[in-house]
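Tertiary structure, described
This is what each chain is made of:
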Amino acid sequence: MTNGHPIRAEEFELFALGVFPGEERALIQAHIDSCPECARKLAEARGRIALLSLAAPQQSPPTLAKQRLLEKVRAEKSSTIAPVQVRETRPSAPWWNTIWAPAAVVLAIATIFLWISDRHLDQQLQQIQQATQIYQEQTQHAQALVNVLVAQDTVTVKLDATPAMPKARGSVKYNPRMGMMCYTADLPEPPPNMVYQMWAVPMTGNPVSAGIFMPAAAHNGQMLAKVPTGMDCKWFCVTVEPKGGKSAPTGPKVLVGTL
Amino acid sequence: MSRAQRAEQQNDSDWSLLERIVQKDESALAALYDRYSGLVFAEATRILRDSGAAEEVLQDLFYQIWRTAEKFDPARGSLPGWLLVAARNRSISRLRRRSSRDDEELTENSVVLPCNLETAAAQNQLLGRVKTILSGMPDGQREAIELAYFEGMTHSEIAEHLATPLGTVKTRIRSAVEILKQALA
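So, here is what we can say about the structure in this document. Just so we're clear, the structure is a prediction, and the values are computed from it rather than from any experiment. (Residues numbered from 1 in each chain as written. Chains lettered and ligands numbered in written order. Predicted model: local features only at pLDDT ≥ 70, side-chain atom pairs only at ≥ 80, totals over all residues.)

Here we look at the overall build of chain A
Spelled out, the test is: What counts as a helix is a DSSP run of H or I of at least four residues, what counts as a strand is a run of E of at least two, and both are numbered from the N terminus.
A count of helices and strands for chain A gives six helices and eight strands. Ordered by position from N to C terminus, the α and β elements of chain A give α-α-α-α-α-β-β-β-β-β-α-β-β-β.

Quick notes on the environment of Ala-28 of chain B
Residues and elements named next belong to chain B. In plain terms, the rule: As a rule, residues whose C-beta atom has 12 or fewer other C-beta atoms within 10 Å are exposed, those with 20 or more are buried, and those in between are partly exposed; C-beta atoms are placed from the backbone.
Within the secondary structure, Ala-28 is located in helix α3 (residues 26–48). Note on Ala-28: 22 C-beta atoms within 10 Å, which makes it buried. With 38 residues separating them along the chain, Ala-28 and Trp-66 place their C-alpha atoms 9.7 Å apart.

Observations concerning the packing of helix α8 (residues 139–151) of chain B against helix α10 (residues 166–184) of chain B
Residue and element names in this part refer to chain B. The line we're drawing: Lines fitted to the C-alpha atoms define the axes, with helices restricted to the stretch that makes contact. Angles between their N-to-C directions range from 0 to 180 degrees. Relative orientations are named as follows: roughly parallel for angles under 35 degrees, roughly antiparallel for angles over 145 degrees, roughly perpendicular for angles from 65 to 115 degrees, and oblique for any other angle. Any two residues are considered in contact once their C-beta atoms, placed from the backbone, lie within 7 Å. Just so you know the grouping, Ala, Val, Leu, Ile, Met, Phe, Trp, Tyr, Cys and Pro go in nonpolar, Asp, Glu, Lys and Arg go in charged, and all remaining residues, Gly too, go in polar.
Two elements in contact, α8 and α10, have axes whose closest approach is 8 Å; the angle formed by their N-to-C orientations is 90°. Taken together, α8 and α10 sit at an angle that is classed as roughly perpendicular. Between α8 and α10, the residues in contact are Gly-140, Gln-141, Arg-142, Ala-144, Ile-145 and Ala-148 and Val-169, Arg-172, Ile-173, Ser-175 and Ala-176, respectively. Classifying every residue of the contact of α8 with α10 gives six nonpolar, three polar and two charged.

Here's the deal with helix α4 (residues 51–68) of chain B
For the record, the criterion: Between the first and last residue of a helix there are one fewer steps than residues, each counted as 1.5 Å, and that sum is the expected span.
For α4 of chain B, built from 18 residues, the straight-helix expectation of 26 Å at 1.5 Å per residue is met to within 8% by its first-to-last C-alpha distance of 25 Å. Regarding α4 of chain B, the residues found buried are Ser-51, Ala-54, Glu-55, Val-57, Leu-58, Leu-61, Phe-62, Ile-65 and Trp-66 of chain B.

Notes on the nonpolar core
Note the following rule: Note on terminology: a nonpolar core is any set of buried Ala, Val, Leu, Ile, Met, Phe, Trp, Tyr and Cys residues joined through C-beta atoms within 7 Å.
Counting 70 residues, the largest nonpolar core has Val-40, Ala-44, Leu-58, Leu-61, Leu-83, Ala-148 and Ile-173 of chain B as the members making the most contacts within it. Top element by residues in this core is α3 of chain B. It accounts for 14 residues. Contact partners of Ala-148 of chain B, with chain neighbours within four places excluded, come to Leu-17, Gly-18 and Val-19 of chain A together with Met-153, Ile-158 and Ile-173 of chain B. In terms of nonpolar packing, the next biggest core, distinct from the first, is built from 25 residues, Tyr-174, Leu-187, Trp-199 and Cys-233 of chain A among them.

Overview of the interface of chain B and chain A
Taken together, the contacts link 51 residues of chain B with 36 residues of chain A. Taken together, the elements giving at least two residues each to the side of chain B that touches chain A come down to α3, α4, α5 (79–95), α7 (120–135), α8, α9 (155–162) and α10 of chain B. Sorting elements by how many residues they give to the side of chain B that touches chain A places α3 of chain B first, with 12 residues. Of the residues assigned to the side of chain B that touches chain A, the class counts are 27 nonpolar, 14 polar and 10 charged.

Some thoughts on unusual backbone geometry
One non-glycine residue, Asn-193 of chain A, adopts positive backbone phi at about 65°. Here the phi dihedral of Ala-163 of chain B falls at roughly 50°; this positive angle occurs in a residue that is not glycine. Looking at the element boundaries, Ala-163 of chain B is found in the loop between α9 and α10.

Listed below in structure tokens is the structure:
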């Protein structure tokens, strides 16, 4: 608390973020409601914090969303104008209102039904597009795997366990011409917040990362990695690294194989 | 609408569009929607992980602007700022099944953005900047601030979620906020 304000200058962003517990939050909010200076500081803090939303993966709303909004707006406009016109021009209800009223109800129900149906179809379309994309990626992955596996110049390297993990085993199929390698590994779950990382080690130069993986994926033999074409590989190894991987091996080697 | 009219609308300020919305000009609402719907939808989708629910939040916000545009006061802050804050509040309310006070948000939550988001170029530039700021944070700080912003968690909830001491979580979030402030200054 400073100068009678229950919030320090550096805490406005935290308040905007919403991390304070309920009681503290209510106390600060009550003060801000009556303190223009703090309200101004909070508005600025809210603006800075709101920019975190830009970290969200960008995606466009469904193409029909705008149309639905404008239809809703038009419906509101017509519903607010119509009663005024009726009152000014038609002092008494004409006989055909008995037809129009039920017809309007039916039309409204049909409109709602079509809107729901349209929305459902739009969601289905999105799901199909996502599934298609996943399928295409899987197909490309499978094709790349097949290319490596059937190529005449692909070599197989057996990966041996190290004392760090004696029961581990695995193998690498490496094609220097394609600059591709695929590998399998039978490993236990790594320690918390750790992952396995595959390395291709050239005769000269630094080890090249061939991806991070968890045991389940590598056990199924789906791991595929791109390494520099024509790299003169000497050996391969798997190390245990922090989540996210490293640019050079730092952890213990658990599998090693020489070409 | 002619190409010339559309270009003219794209150059309109938010507040001139709002003035036209007060006069019930649909094309002004459409222009405002084109300008900010992507940002709002992306934010709501990230929080709710459901594009259908995110669209409902998007529709509600723009419909509220249509109905109550006269309540916006330029002196109280920025329209895109209000949109981003309101989208977050409503999405988190839905996510955590809390009630939200939609009508009051409009007048109570004033937001001053430190930058202009009225053009696509400005939005793209800022998108890159924010992502750079976040990617430069240590993993623990980034994870904590994202849980607070996108999941609406308090200090204690984040500590429990990450099985991390409360003091550590507070320090991480405070540091992350400080990095954000300095980078945007």
